[in-house]
Structure formats: C-alpha cells, structure tokens
Amino acid sequence: MEEVVIVGGGPAGLTAALSLLEEGISPLVLERSAEFGHKACGELLAERFYGFEVGELVRGAVERVHDGITVRFHGKELRFSGRGIPGWRRDSRLFFINRKKWEGLLAKKVRREGGAGPGPSRSTIT
C-alpha cells in the first residue's frame, strides 16, 4: 500500500485527500492552523470550471448563489459573469462559500472515508 502525506489541510489538500481515498489510498493530512477557514482564499467559486463541477464538493457550505456579480471600485463597475475567463462556462453560476464550514465538512468527509487528517482542533493528527 502506498503512503501519502499531504501538507496543508485547506480545500486543495482535503480535496486531494478525497481523490486519493477514491483510489484506495489513505493519506495523512498535515495542517498547522488551529482553526478552519483562516487562510487567505476566495470564497466565490464558479459552479463549473474547466469541466469540473463543484456542486458536490461544496454541498452544505453554499451561502448564496449568483448569476453574476458587479464590483464597484474607484468609481468603475466591473461585471463578472464568466465571459472572457478561460475555462469558465458562460452559463455557470457563482457560489459564495462559507469557507470555515466548507473546510470542516471536507475534513469530516476525509476522516469518514478513512483518511487521517486534521482533528476537531486541527492541532492534532488522528
């Protein structure tokens, strides 16, 4: 059996752990943060990006769904709706994610599927 250690228990590390678990490999996830959701990272995700659908991955952590977003910055308005962004489908909605809840749900799923990772406090490895 292969042994894999993933350094970083954020969304990318936890998603990698879930992918490995689907292949029958039980990874160990190491995370230095004591709490979920305290890293700089966007909480707005496209529903579909580069052919990957995030719906199942973010289930339970979506706070709002948007068809597009307008940002006002220094007197100018920028509209984000997927046009002109490589890999982003025009009909893709935007999910506003509760990052802390999302990471907690991913960590629980990793542990439930048999991976070793961040415990409730993320300071110990179980």
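So, how was this worked out
Residues numbered from 1 in each chain as written. Predicted model: local features only at pLDDT ≥ 70, side-chain atom pairs only at ≥ 80, totals over all residues. Heavy atoms only, no water. Helix = DSSP H or I, 4+ residues; strand = E, 2+ residues; numbered from the N terminus. Expected span 1.5 Å × (residues − 1). Buried < 20%, exposed > 50% of the residue type's maximum accessible area, 1.4 Å probe, protein only. Contact = heavy atoms within 4.5 Å. Axes fitted to C-alpha atoms, helices over the stretch in contact; angles between N-to-C directions. Parallel < 35°, antiparallel > 145°, perpendicular 65-115°, else oblique. Left-handed = near helix turned anticlockwise from the far one by under 90°. Nonpolar A, V, L, I, M, F, W, Y, C, P; charged D, E, K, R; others polar. Pairing = 2+ DSSP bridges. Polar contact = N/O pair within 3.5 Å; in protein donor to acceptor, adjacent residues only side chain to side chain.

(A) Helix α1 (residues 11-22), seen in detail. With twelve residues, α1 should cover 16 Å at 1.5 Å per step; its first-to-last C-alpha distance of 17 Å lies within 8% of that length. Among all positions in α1, only Pro11, Gly13, Leu14, Ala17, Leu18 and Leu21 are buried. In the core, the buried residues of α1 are packed alongside β1 (5-7), β2 (28-30) and α3 (99-112). Residue Gly24 follows α1 closely and has a positive phi angle near 85 degrees.

(B) The side chain of Glu31, seen in detail. With respect to the secondary-structure elements, Glu31 resides in the loop between β2 and β3 (44-46). Using a relative accessible area of 11% as the deciding quantity, one classes Glu31 as buried.

(C) Structural view of the packing of α1 against α3. The interhelical angle for the contact between α1 and α3, taken along N-to-C directions, is 25 degrees, at an axis separation of 10 Å. The angle between α1 and α3 falls in the class roughly parallel. Between α1 and α3 lies a crossing of left-handed hand. Facing α1, whose interface residues are Pro11, Leu14, Thr15, Ala17, Leu18 and Leu21, α3 presents Arg99, Trp102, Glu103, Leu106, Ala107, Lys109 and Val110. Across the contact of α1 with α3, the residue classes break down as nine nonpolar, one polar and three charged.

(D) The sheet that holds strand β9 (residues 94-97), seen in detail. In spatial order, the strands read β3-β9-β6; together these three strands make up an open sheet with antiparallel pairing. The outermost strands of the open sheet, each flanked by one partner alone, are β3 and β6 (62-66). Here the strands of the sheet are splayed against their neighbours by 30 degrees on average, with no regard to which way each runs. In this structure, β3 lies alongside β9, joined through three bridges in antiparallel fashion. Each bridged residue has a counterpart across the sheet, and for Leu44 the counterpart in β9 is Phe96.

(E) Focus on the side chain of Glu103. With respect to the helices and strands, Glu103 occurs in helix α3. Taking relative accessible area as the criterion, Glu103 reaches 1% and is therefore assigned buried. Side-chain polar atoms of Glu103 contact the side chain of Arg99, separated by 2.6 Å.

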